[in-house]
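# A closer look at the structure
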Amino acid sequence: MAIQDFFYFEDHFGSDTLDGTRWDLGTDAGATAFAAGALEGGTIRAATAATDNNQVQIRYARTIFDAARNPGAEIKWKVDVVNANELEVEFGFSDPLTDDTLSAVTDVDTPASGNGATDLVVIHMDGDQTLKTYALVSDGTTDAAAKTNFGTGIVPVAAAYATMMVQVYANKGYAVIDHNIADNSAAVDTGPDTGVLMRPHFTLATLAAADKTVDVDYFRLWTELP
């Protein structure tokens, strides 16, 4: 990778504290924000409160990624408990959100975005919707919101790590779960306009009166440079 042509950043969270110059956090009342601790490999941890729709979020601190430069991101994460209808997850790129404890996607059954986001490509799952498994959802300033569903057998496994990769292009996007391109990938032919700056975020919510503990092992970011 020619460093003059590409930005690449990888954080395995090996420092004593979470780097506040790199990461911003969104935490609902009663939840515990992502923080470094005494976990193997430097893994960071957060926990929701035992309250329906209680969320935690981590996002890159700078809004610097343009679809024209083909940005991408990857995360490795796990959650301690997975019950039907009780989990919401979102990972990917969007322009800045109005409320940083809410997702960018407001409806995955009939794709729609909100919360201040106009341009996005995200993997989204919402147990309150009819579709309770993963979809790749996109929207743009000029494009309408759209989605492609992943296979319904691709679901989180309690206390087991999963990886998610989202790759953004001008008005399109692509994603892979667990590095399985053959079976666990999805693409959309709509998405962010060029010239709209975005940043990646990861949001997790409990959809019941039961807390969820979520660990993030690493976060990778990349983009071409002007």
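Right above here is the structure, for reference.
Structure report, in brief. (Residues numbered from 1 in each chain as written. Predicted model: local features only at pLDDT ≥ 70, side-chain atom pairs only at ≥ 80, totals over all residues. Heavy atoms only, no water.)

### Observations concerning the overall build of the protein
- Regarding its fold elements, the protein presents zero helices and 18 strands.
- Expected size for 226 residues packed as a compact globule is a radius of gyration near 17 Å; at 16 Å, the protein falls within 12% of this value.
- In terms of its C-alpha atoms, the protein occupies a principal-axis envelope of roughly 45 × 40 × 35 Å.
- Relative to its full complement of 226 residues, the protein shows a buried share of 52%.
- Pairs at least 24 apart in sequence give 68% of the contacts found in the protein among residues at least 6 apart. (Helix = DSSP H or I, 4+ residues; strand = E, 2+ residues; numbered from the N terminus. Rg over C-alpha atoms; globule rule 2.2 N^0.38 Å. Buried < 20%, exposed > 50% of the residue type's maximum accessible area, 1.4 Å probe, protein only. Contact = heavy atoms within 4.5 Å.)

### Topic: the nonpolar core
- Of all hydrophobic cores here, the largest spans 44 residues; its most connected members are Phe34, Trp77, Phe202 and Phe219.
- Among the nonpolar cores identified, the runner-up in size contains ten residues, and Leu97, Ala104, Val122 and Ala135 belong to it. (Core = buried A, V, L, I, M, F, W, Y, C linked by side-chain atoms within 4.5 Å.)

### Observations concerning the pairing of strand E13 (residues 146-149)
- Sheet analysis places strand E12 (residues 135-139) next to E13, joined by four bridges and oriented antiparallel. Along E13, the bridge assignment pairs Ser138 with Ala146.
- From the end of E12 to the start of E13, which pair antiparallel, there are six residues. (Pairing = 2+ DSSP bridges.)

### Regarding the side chain of Glu74
- Its location among the elements puts Glu74 in strand E7 (residues 72-79).
- Among the residues examined, Glu74 registers a relative accessible area of 7% and is labelled buried.
- Side-chain polar atoms of Glu74 contact the side chain of Tyr218, separated by 2.6 Å.
- Not counting chain neighbours up to four residues away, the residues in contact with Glu74 comprise Phe91, Met164, Met165, His179, Tyr218, Phe219, Arg220 and Trp222. (Polar contact = N/O pair within 3.5 Å; in protein donor to acceptor, adjacent residues only side chain to side chain.)

### Description of the packing of aromatic side chains
- One pass over the structure, following the stated rule, counts eleven aromatic pairs.
- Seen from their ring centres, Phe7 and Phe65 are 5.8 Å apart, and the 70 degrees between their planes marks the pair as edge-to-face. Separated by 58 residues along the polypeptide, Phe7 in strand E1 (residues 6-11) and Phe65 in strand E6 (residues 65-66) bring together distant segments of the chain. This pair shows no difference in class: Phe7 is buried, exactly as Phe65 is.
- Aromatic pair Phe13 and Trp23: ring centres 5.9 Å apart, planes at 50 degrees, arrangement tilted. (Phe/Tyr/Trp six-rings, centres within 6.5 Å; stacked < 30°, edge-to-face > 60°.)

### Section: unusual backbone geometry
- In this structure, Asn53 is a non-glycine residue whose phi angle is positive, near 70 degrees.
- Summarising the element assignment, Asn53 is placed in the loop between strand E4 (44-47) and strand E5 (54-60).
- Taking the relative accessible area as the measure of exposure, Asn53 reaches 40% and is therefore partly exposed.
- Phi is positive for His179, which is not a glycine, with a value near 60 degrees.

### A few points about the pairing of strand E11 (residues 120-126)
- Taken across its seven residues, E11 has seven buried, putting it largely inside the fold.
- Both faces of E11 are covered, namely the face carrying Leu120, Val122, His124 and Asp126 and the face carrying Val121, Ile123 and Met125.
- Of the pairings in the sheet, the one linking strand E8 (residues 87-94) to E11 comprises seven bridges and is antiparallel in character. In the sheet register, Gly92 faces E11, and the bridge partner there is Val122.
- With five bridges connecting them, E11 and E12 associate as antiparallel partners. Note that in E12 the partner of His124 across the bridge is Ala135.

### Let's talk about the side chain of Asp217
- Tracing the sequence through the fold places Asp217 in strand E18 (residues 213-224).
- Overall, the relative accessible area of 12% leaves Asp217 in the buried class.
- A polar side-chain atom of Asp217 sits 3.5 Å from a polar atom in the side chain of Thr43.

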